[in-house]
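# Secondary and tertiary structure notes
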There are 4 protein chains.
Amino acid sequence: MRLLLNHPQVEIKQATSRSHLGEYVYQVHPNLRKRTQLKFSDPAQLEPVDVLLLAQPHGQAQHNIDQFESLAGKIIDLSADFRLRDATDYQRWYGEPHAAPAWLGKFVYVLPELRRSEIANANYVSGVGCNATASNLALLPLVKAGLIDLNAPTIIEIKVGSSESGAEGNSGSLHAERANVIRTFSAFGHRHTAEVIQELGLKDVSLTMTAVDLVRGVLATAHARVKPGVAMKDLWKAYRAVANENCFVRIVKEQRGIYRVPEPKILAGSNYADLGFDLDESSGHIVSMCAIDNLMKGASGTAVQCMNLMLGLDETTALEFAGLHPL
Amino acid sequence: MRLLLNHPQVEIKQATSRSHLGEYVYQVHPNLRKRTQLKFSDPAQLEPVDVLLLAQPHGQAQHNIDQFESLAGKIIDLSADFRLRDATDYQRWYGEPHAAPAWLGKFVYVLPELRRSEIANANYVSGVGCNATASNLALLPLVKAGLIDLNAPTIIEIKVGSSESGAEGNSGSLHAERANVIRTFSAFGHRHTAEVIQELGLKDVSLTMTAVDLVRGVLATAHARVKPGVAMKDLWKAYRAVANENCFVRIVKEQRGIYRVPEPKILAGSNYADLGFDLDESSGHIVSMCAIDNLMKGASGTAVQCMNLMLGLDETTALEFAGLHPL
Amino acid sequence: MRLLLNHPQVEIKQATSRSHLGEYVYQVHPNLRKRTQLKFSDPAQLEPVDVLLLAQPHGQAQHNIDQFESLAGKIIDLSADFRLRDATDYQRWYGEPHAAPAWLGKFVYVLPELRRSEIANANYVSGVGCNATASNLALLPLVKAGLIDLNAPTIIEIKVGSSESGAEGNSGSLHAERANVIRTFSAFGHRHTAEVIQELGLKDVSLTMTAVDLVRGVLATAHARVKPGVAMKDLWKAYRAVANENCFVRIVKEQRGIYRVPEPKILAGSNYADLGFDLDESSGHIVSMCAIDNLMKGASGTAVQCMNLMLGLDETTALEFAGLHPL
Amino acid sequence: MRLLLNHPQVEIKQATSRSHLGEYVYQVHPNLRKRTQLKFSDPAQLEPVDVLLLAQPHGQAQHNIDQFESLAGKIIDLSADFRLRDATDYQRWYGEPHAAPAWLGKFVYVLPELRRSEIANANYVSGVGCNATASNLALLPLVKAGLIDLNAPTIIEIKVGSSESGAEGNSGSLHAERANVIRTFSAFGHRHTAEVIQELGLKDVSLTMTAVDLVRGVLATAHARVKPGVAMKDLWKAYRAVANENCFVRIVKEQRGIYRVPEPKILAGSNYADLGFDLDESSGHIVSMCAIDNLMKGASGTAVQCMNLMLGLDETTALEFAGLHPL
C-alpha cells in the first residue's frame, strides 16, 4: 500500500478488505495517515482495472480466478495459489487438489532475478514465497554459474521475523510468547521448499525454519557443496555477475566494520536482497546467505517490481527507499 | 505454579483449567518439564483444600464465592473481585454492580507492606493489581512518613511489559504489533487507580499507562509534591525505614555503575520491589520509582507471600529466587 | 546522509569523519550500499559549500565557528552549541562558559513549527534537541491557543530508544545491559529542558527521561493543566490548527483499532510528529503526547526541513518517506 | 555468583575483580542486592581455598596455573585455556602456543553428561564452551547410541544471544547495532568447533554462528545423517536414554501447544539442556536441537554441577531454579 501510494505512474483505484470494510486505510496502516483518504471497499464491489493485485489468504484466488480475469487484463497474485506449475506438486505440498489446474500454466512465477524477460510479456504473474525468495537468491549465483554440486544435500537454515505469520496470528504469536524466541518451528517440509526445487532444480534440498525476535526480515543461510576445484575467486565472479545484472542485489562481504555480512534489519522497507558467502576450501562446503525484508523483496516489493516490468516502467519505480540505519 | 512446586511446606492438590483440561502443566508452562507430572483438572471437580488460590478472569469469583467457601477455610483471590471494600467503588470502576457485596468486607486487601498484621489473621485475602502495587509501594515511604502533600496532584506514569495483558491477548498483542512499542494505551482511568486511592488515601491521583517492549516487568514513576521543608535526608530516612521493615523492599539509588535506579528486568521471577527516588528541592517535586515483576510481586509472588503469612510460615518461603543478571 | 543522497535538488560535496576517514559511507551506513560511492573525507580538508551541516559532538562547533563561517554562507549546526540564546543559560545547563557567546544571537533555533518564517531568512540555524522537540510539539497546540496554565507545574515523561545515546555508547549501552530496560536515567535536569523553557516560556517544567527497549523513537507524554473551562472541543480546535498549518504534524486520536495514540515505532525514518491528547475534565489535567523519530524530526529530518526552507525549496523535499507498518 | 550465594553447602571466601575492585558485588550484579554484602577483592590478595573457580579472559590462567595450584586443591577453570587435550590443537584453534602444555593432560573437560565419572575423581577441571556444549548435547544421543554416520558432514547452526560476547563488548555490541540482528558473524572456524571434534570424534563438522536479538540463550541446530535403516523409534530410544541418565537433560518434542521444541528463553537461569529432533526418513537427514542458557549450562551452571560432583554433593545442588514462563 505504501509503495503504490508513492508510485508516480500508477493510481490506486480501490483497496478492498472484508475485515476493515469502510475504515480508512490509515487506521490499519497508521504510517499512511495524512498520505491518503482512501477507505477499504467491499471486495464484492470490485471494478475493472488495468492491473489487479491479489493478496488473499492462500487457497482463495484459485476459486475466483475466472471472475478476476474478467476484471483485469493483468493479474499479480501474491498468494501461493499459482506458484507451482504442476498440479501434482500443489497437491503434495498444500494437501489438497488445486481448484483451477488449467490456470497453473498461465501464470509466471515472478522472481525477476530468475525470469525477468518472461515477466515483461506476462499477463498473469504469481508472487513469491518469502522464504523461497531468500533461498533462491542465496543459491542463484551458484546455480547460474554452474558451481554447485546439484546432487549433494543442500540445507537452508532460515531465520524469520514475526511479520511472516500474517495479521491473524495464533496463541504462539502473542508478544509474551513470541518475544525472545529462538524457535525452530519447522525442521522439514516447509511449503516454500517446493518453490526452491521448482526454480533451481535442486534434488536434495531442505528448509529449516527458525523464528527469532524481529518483526521484518528473513535471513536464509544455505549450506551447499561446490564442485571440486571451485575457489573463492570463482565465487566472487559468480556473485558479482548476479549483482551487476540485478539492481536490487548487493554483495555484502566486508573485512571490517559492524556490517560485514547480509543483515535483514537494515533492509526493512527496502527491496534489496543482500548476498554474502564463505567457503571452506578444504571441504567445498559453501555457506551462502541472503537477507531480505520478507514484506518487500519477499512479497509486495517483488510484486511492484514485476508490475513495473509488466507495464514497461523503470524496474525500481516506487522501490527507491534505501532502508534505515540504525534500526 | 513454579513457586508452589518449589514450596517446601505446601503441597499442590489440584491445578484446574478449563482450556487446558487434561494437559500436563508442563505443556503450558514448559519450564516445569521434569519438575512435575501434574495435569490440569476440571474446575468442576474441585476437592476440599486448606488454602484455595483463585486465579480466574475478573468478575467470576464473586459469583461462586459461596461454593469456594465450602471447599477451603482460607481463600486467596488473585482477581479484582474483592480488592475494593466499597460496593459503590466497585461499580464505579468496574462498570457493573458487585454480585456478592456482603463478601467485600470479609476480604483483606493483601499488600503485606501495607497490612502485614491483618493478613496473618485473615481467612479471605484479595490479591493486588500489579500497577496498583508498583504505585502503592512507590509512594508508601512518603505516605507512611507523612512527607507527601496529600492534596497536591500525584501523577503516576506506569510502563508495563506484555505479560500484563494475559494469556488471551488481542490483535494489538501480536508480536508484530506489540514489539517495539511505546504505546500510552490509557491516559486516565485505569481501574487500578481505585486501589491506590483506597490504600493510600490520596485525593488527586492519576495513573497513565504506557506499554513498552518487555515481557515481564512494571516501573511506576510517581510524581508528587513533598511538604514544605522536606529534604533529601528526610527521604532517605523514610525509604530506609520501609526497606528495613520489609524483606522484599530494596532501595536502589547509586551514584555509579549501570544499575543506579530501579530496573524491572533484573527482577524477573523474583519477589522484590526496588524503590528509588529523586527530589527537586527548589520545587518540592519528588520522583519516586518502584520496579517489580508484575507476575510476582504484582500477582502470584504477593499471593504466596500472603499465604506464607496466613500459614505462619517464613514470609520468604518459596520466594528466594534472586532474579537474573544479565537478562 | 540517507536524506541528502535522495535529495533531488541538493548535491553532497563532502562527508567528513575523523574516525571513518577513507571508508566508504556505505561501510558505516550499510543501507546506502549501491547508492553512493562517497567516501568519508578529512574534516581538515573541508572545502567551501553553499550549506554546511555540522554534526559534531557537543562543545566543538563553538570553537571553530569562525572558520566554518568562512566556508559557507549558510550553516546548520545539529549540536547543542547554539541552541540557547543566552550565554548564562548555556553555562547553567552545560556546565561551562560558552566559547563564542557573540554567535548565540546570530543563530535561529530551528523548530519550523515554532519559527518557520524566521528560518526562511536565516543564515545560521541551530538544530534541535530530540527530547526538546517532542516536548515542544506536545505542548505547542496548548501554548499557541493559550489553553495551558503556564504557572502550573508541567511534567514531561519522555521514553527514548537507544539511538539517542549516539554511536559511542558506554557500558550501559551494550545490548546485554540495554535490552529489556525500563530505566529512568534522569529524573530531573536533562539539558533539553532549557530548550523547552526558552521556546515555550513555561515557568515550572521538568523532563523525566526513561530508556526503553527500542532503537529509534521518542514519546513525550506531557502532563499539564489547562485553564479553567477548557473543554475537549477547545483542544480539538487547537490541535487541528497546528496539524493544518504544519505538513509534518498529525493528530492520532482514534476510538478503535490498534493505533489509537501516537506511536514512535511507525515513524522510523519519517519526519512526522504525531500528536495525541486526553483531558480529565474534572481536574483540568491534560495528557498531551508527541511521538517522533529522534534521528529524523528530532535531528537530521528537522535539519533537512530547515535547509529546504532556507533554500526556498518545498518543505517536504527528501522527507517524503512515510514510515513502515508493521515494524 | 547467584548460584554460589544460594549454595547451601559451599561458602564464598572471596570474589576477585580488577575492574570492580572494592565495589559491592550487588553494584555489578544488581539482582544480588540485599543478598550479600560481599565486595570484590584484589586478585593479588587471593587466599587459599578448597575449590578455586577461575573465570578470567581466555589466555590468562595458563600463565598463572602454578600459582593457583598452590592455593587450591581443586580448580575449575571456566576459560578456554585447558579445554583441549592436545597442545597442537590449542595452537591451531587459538593461534598461539600454549604456555603450560604439561597442564593440558591434568585437566578433565567437564561436560558431566559426557564424563560424569571422571569428574568425581578429578582435581582440575576445565569449563566448557557454551556453543560446544549445545552442540555436544544435541549430538550426544546419536553418538552414544551409534546412530550417526560419523563420516557424513555434520553442520551445526548455532543461534546466540548477546551475553555470549562478554561484559566488554565492541561497537557491534551496542544496543542500537545489536538489537534486531540476524547476523551470521562466523560461517566457519569458530573455536568451539575444536571441543566438538575432540569430545564426539566427528570428522567433518562445522559450526555456523548467528547472533539474534536475545540476551541469554543458545540454540544449536545440528544437521547430521543417521546410518541406513535408523527410524524414529530408534531415535526416541536414544534420546530417552540420555534424558533418563542425566538430571538436567529433557526431551521437548510435542505435537501441540506453543512449546513443541526446545526454546532457550524459558531456560534463562536454569541448568537444563532441552533436546529435540526430527528425521527425514527418506534421506536420513536428522535435525537435532539443543537449547541451553549459555551462562548456565554453557558456563557457570555446568561449573557448579561439576563442583558438586567433585565434592560428592548432590549434582543439582544450587541448580534447582526451573526457569521462567512467560519471559
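Preceding this paragraph is the structure being described.
In this text, all values refer to a predicted model and were calculated from it rather than measured experimentally.

This paragraph deals with the environment of Asp213(D). If you trace the backbone, Asp213(D) turns up in the loop between strand 9 (205–212) and strand 10 (218–225). On a C-alpha basis, the gap between Asp213(D) and Glu320(D) in space is 27 Å, while along the polypeptide they are 107 residues apart. Look past the residues within four positions of Asp213(D) in its chain and what remains in contact with it is Asp213(A), His175(C), Arg178(D), Ala179(D), Asn180(D) and Val181(D). A distance of 2.8 Å separates a polar atom in the side chain of Asp213(D) from a polar atom in the side chain of His175(C). From its side chain, Asp213(D) meets the backbone nitrogen of Asn180(D) in a polar contact 2.8 Å long.

Another aspect to go through is the pairing of strand 10 (residues 218–225) of chain C. Residue and element names in this part refer to chain C. With eight of eight residues buried, strand 10 lies mostly within the body of the structure. The alternating pattern of strand 10 places Val218, Ala220, Ala222 and Ala224 on one face and Leu219, Thr221, His223 and Arg225 on the opposite face, and all of these are buried. One ladder, built from six bridges, connects strand 7 (residues 154–160) with strand 10; its direction is antiparallel. If you follow Ile158 over to strand 10, its bridge partner there is Ala220.

Following the criterion strictly, the structure yields 38 aromatic pairs over all chains and no others. Centroid distance Trp236(B) to Phe277(B): 5.3 Å. Interplanar angle 75°. Geometry classified as edge-to-face. Taken together, the residues span a long stretch of sequence, with Trp236(B) in helix 10 (residues 232–245) and Phe277(B) in strand 12 (residues 273–280) at a distance of 41 residues. A ring pair is formed by Phe107(C) and Tyr124(C), whose centres lie 5.8 Å apart and whose planes are at 45°; its orientation type is tilted. One end of the pair, Phe107(C), is in the loop between helix 5 (101–104) and strand 5 (108–109); the other, Tyr124(C), is in strand 6 (residues 124–126), with 17 residues separating them in the sequence. Tyr124(C) carries the same exposure label as Phe107(C), and that label is buried.

Listed per partner, the contact involves 45 residues of chain B and 45 residues of chain C. In this assembly, chain B packs against chain C so that about 3,700 Å² is buried in total across both faces, 61% of it on carbon and sulfur atoms. By the criterion of area lost to chain C, the three top residues of chain B are Ile182(B), Phe188(B) and Ile258(B), representing 20% of everything that side buries. Taken together, the links from chain B to chain C amount to six salt bridges. Measuring nitrogen to oxygen at the nearest pair gives 3.7 Å for the salt bridge that ties Arg225(C) to Asp204(B).

What follows covers the relation of the copies chain B and chain C. For the pair chain B and chain C, the best superposition has an RMSD of 0.0 Å and corresponds to a rotation of 180° with a translation of 0.0 Å parallel to the axis. The transformation just described matches what one would write down for a two-fold rotation axis. Proximity to the rotation axis, assessed at the C-alpha, singles out Asp213(B) in chain B; its C-alpha lies 2.8 Å from the axis. When the interface residues of chain B are mapped onto chain C, 100% of them are again interface residues, pointing to one common binding face.

Reading the values: rules and limits
- Residues numbered from 1 in each chain as written.
- Chains lettered and ligands numbered in written order.
- Predicted model: local features only at pLDDT ≥ 70, side-chain atom pairs only at ≥ 80, totals over all residues.
- Heavy atoms only, no water.
- Helix = DSSP H or I, 4+ residues; strand = E, 2+ residues; numbered from the N terminus.
- Contact = heavy atoms within 4.5 Å.
- Polar contact = N/O pair within 3.5 Å; in protein donor to acceptor, adjacent residues only side chain to side chain.
- Buried < 20%, exposed > 50% of the residue type's maximum accessible area, 1.4 Å probe, protein only.
- Pairing = 2+ DSSP bridges.
- Phe/Tyr/Trp six-rings, centres within 6.5 Å; stacked < 30°, edge-to-face > 60°.
- Buried area = accessible area lost by both parts, 1.4 Å probe.
- Salt bridge = Lys/Arg side-chain N within 4 Å of Asp/Glu carboxyl O.
- Least-squares fit on C-alpha atoms with pLDDT ≥ 70 in both.

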